[in-house]
Amino acid sequence: MPFTPIHMGSGILIKSLLRGSFSLMVFGWTQIVMDIQPLIVLLSGEGHLHGFSHTYIGATIIAILAGISGKYLSEFGLMVLRISKYENPISIAWWVVFLSAFIGSFSHVLLDSIMHLDVEPFYPFTLDNAFLGVISVPVLHKVCLYSGLIGAAIFYSVSWRLKRS
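Residues numbered from 1 in each chain as written. Predicted model: local features only at pLDDT ≥ 70, side-chain atom pairs only at ≥ 80, totals over all residues. Heavy atoms only, no water.

Chemist: How would you sum up the overall build of the protein chain? Please name residues and give values.
Modeler: Across its full length, the protein chain carries six helices and zero strands. The secondary structure elements of the protein chain, listed N-terminal to C-terminal, are α-α-α-α-α-α. Relative to the compact-globule value of 15 Å for 165 residues, the protein chain shows a C-alpha radius of gyration of 17 Å, a close match. Reported as C-alpha extents along the three principal axes, the dimensions of the protein chain are approximately 50 × 30 × 30 Å. Buried positions account for 38% of the 165 residues belonging to the protein chain. Across the protein chain, every contact between residues at least 6 apart in sequence was considered, and the portion connecting residues at least 24 apart equals 65%. For the protein chain, the exposed area adds up to about 9400 Å²; of that, 73% sits on carbon and sulfur atoms. Across the protein chain, the centroid of the 9 positively charged side chains sits 27 Å from that of the 8 negatively charged ones. (Helix = DSSP H or I, 4+ residues; strand = E, 2+ residues; numbered from the N terminus. Rg over C-alpha atoms; globule rule 2.2 N^0.38 Å. Buried < 20%, exposed > 50% of the residue type's maximum accessible area, 1.4 Å probe, protein only. Contact = heavy atoms within 4.5 Å. Areas by Shrake-Rupley, 256 points an atom, 1.4 Å probe, with all protein chains shown as cover. Lys, Arg positive; Asp, Glu negative; His and termini not counted. Charge placed at Lys NZ, Arg CZ, Asp CG, Glu CD.)

This is the structure we're talking about:
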């Protein structure tokens, strides 16, 4: 699922369940960082499309880098979107940043492992991909879409109830 917002479905569901203990912005930034290597391969025509970045070792490194950069980008983004105010800025705790980045990178590898033949999630220990074809690609897309819709419904219904009380 390169460069598609479909990865965000699981993030929206997780955000609705964990609320302030999860940053959807850091999660989304991690999705972008995960697909930089495939973008370079697509543009250059050289390399392994879903290479090292789509292994769990690569995802660990990316989660750390995306977490460090994503904290500051997300806090700035919250200001730009006027969710955070200059006089009372929102600060995302480091543990929330890294939880969100690790969930983002690991879920990205898992979802891409289900649908892409060239993903080797457990490299260098094995080249096998036990997740490939566990469910069909259309079902995978529906799971991602519906998890996002369900997550949005949960998030907004909880927010609405909290505002009422």
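Chemist: Run through helix α6 (residues 137–164), naming residues and quoting values.
Modeler: When the terminal C-alpha atoms of α6 are compared, their 41 Å separation across 28 residues agrees well with the 40 Å that a helix rising 1.5 Å per residue should span. The complete set of buried residues in α6 reads Leu140, Cys144, Ser147, Gly148, Gly151 and Ser159. (Expected span 1.5 Å × (residues − 1).)

Chemist: Before we move on, can you summarise the side chain of Asn129 with the specific residues and values?
Modeler: Along the chain, Asn129 turns up in the loop between α5 (94–115) and α6. The exposure class assigned to Asn129 is buried, which follows from its relative accessible area of 16%. Contacts of Asn129, omitting those with residues within four sequence positions, involve Ser113, His116, Val119 and Pro121.

Chemist: Quick one: what's the story with the environment of Gly77, residue by residue and with numbers?
Modeler: Note that Gly77 resides in helix α4 (residues 56–80). A relative accessible area of 13% means that Gly77 is categorised as buried. Sequence separation between Gly77 and Ser105 is 28 residues; the distance between their C-alpha atoms is 20 Å.

Chemist: Run through the packing of α5 against α6, naming residues and quoting values.
Modeler: As a packed pair, α5 and α6 sit with axes 9 Å apart at the nearest point and diverge in direction by 155 degrees. Between α5 and α6, the interaxial angle falls into the category roughly antiparallel. Crossing handedness for the pair α5 and α6: left-handed. Across the interface between the two elements, Leu111, Ile114 and Met115 from α5 touch Val137, Leu140, His141 and Cys144 from α6. Residue composition of the contact of α5 with α6, by class: six nonpolar, one polar and no charged. (Axes fitted to C-alpha atoms, helices over the stretch in contact; angles between N-to-C directions. Parallel < 35°, antiparallel > 145°, perpendicular 65-115°, else oblique. Left-handed = near helix turned anticlockwise from the far one by under 90°. Nonpolar A, V, L, I, M, F, W, Y, C, P; charged D, E, K, R; others polar.)

Chemist: Describe a nonpolar patch on the surface, naming the residues involved and giving the relevant values.
Modeler: A surface patch of nonpolar side chains, about 730 Å² in accessible area, is lined by Phe52, Ile57, Ile61, Leu65, Tyr123, Phe125 and Leu127. You can see Phe52 is positioned in the loop between α3 (36–44) and α4. (Patch = residues over 30% accessible without salt bridge, like charges linked within 9 Å, V, L, I, M, F, W, Y side chains within 5 Å. Salt bridge = Lys/Arg side-chain N within 4 Å of Asp/Glu carboxyl O.)

Chemist: I'd like a rundown of the pattern of salt bridges, residues and numbers included.
Modeler: Pairs can form between side chains of opposite charge once their charged atoms are near each other. Here the structure, examined in full by the defined rule, presents one salt bridge. Lys71 is the partner of Glu75 in a salt bridge, and the nearest nitrogen-oxygen pair spans 2.7 Å. Of this pair, Glu75 and Lys71 are both found in helix α4, four residues apart, which corresponds to roughly one turn of the helix.

Chemist: Tell me what's going on with the packing of aromatic side chains, and back it up with residues and numbers.
Modeler: Considering all chains together, one arrives at eight aromatic pairs under this definition. Considering the side-chain rings of Tyr56 and Phe122, the 5.4 Å spacing of their centres and the 40 degrees angle between planes classify their relative orientation as tilted. With Tyr56 in helix α4 and Phe122 in the loop between α5 and α6, this residue pair connects regions lying 66 residues apart in the sequence. The buried category is assigned to Tyr56, whose relative accessible area is 18%. Here the aromatic rings of Trp94 and Phe98 are separated by 5.7 Å at their centres, their planes lie at 20 degrees, and the arrangement is stacked. Here Trp94 and its partner Phe98 are both found in helix α5, four residues apart, which amounts to about one turn of the helix. Residue classification places Phe98 among the partly exposed residues on the basis of a relative accessible area of 24%. Ring-pair connections join several aromatic residues into one group, and the members of that group are Tyr56, Phe102, Phe106, Phe122 and Phe131. (Phe/Tyr/Trp six-rings, centres within 6.5 Å; stacked < 30°, edge-to-face > 60°.)

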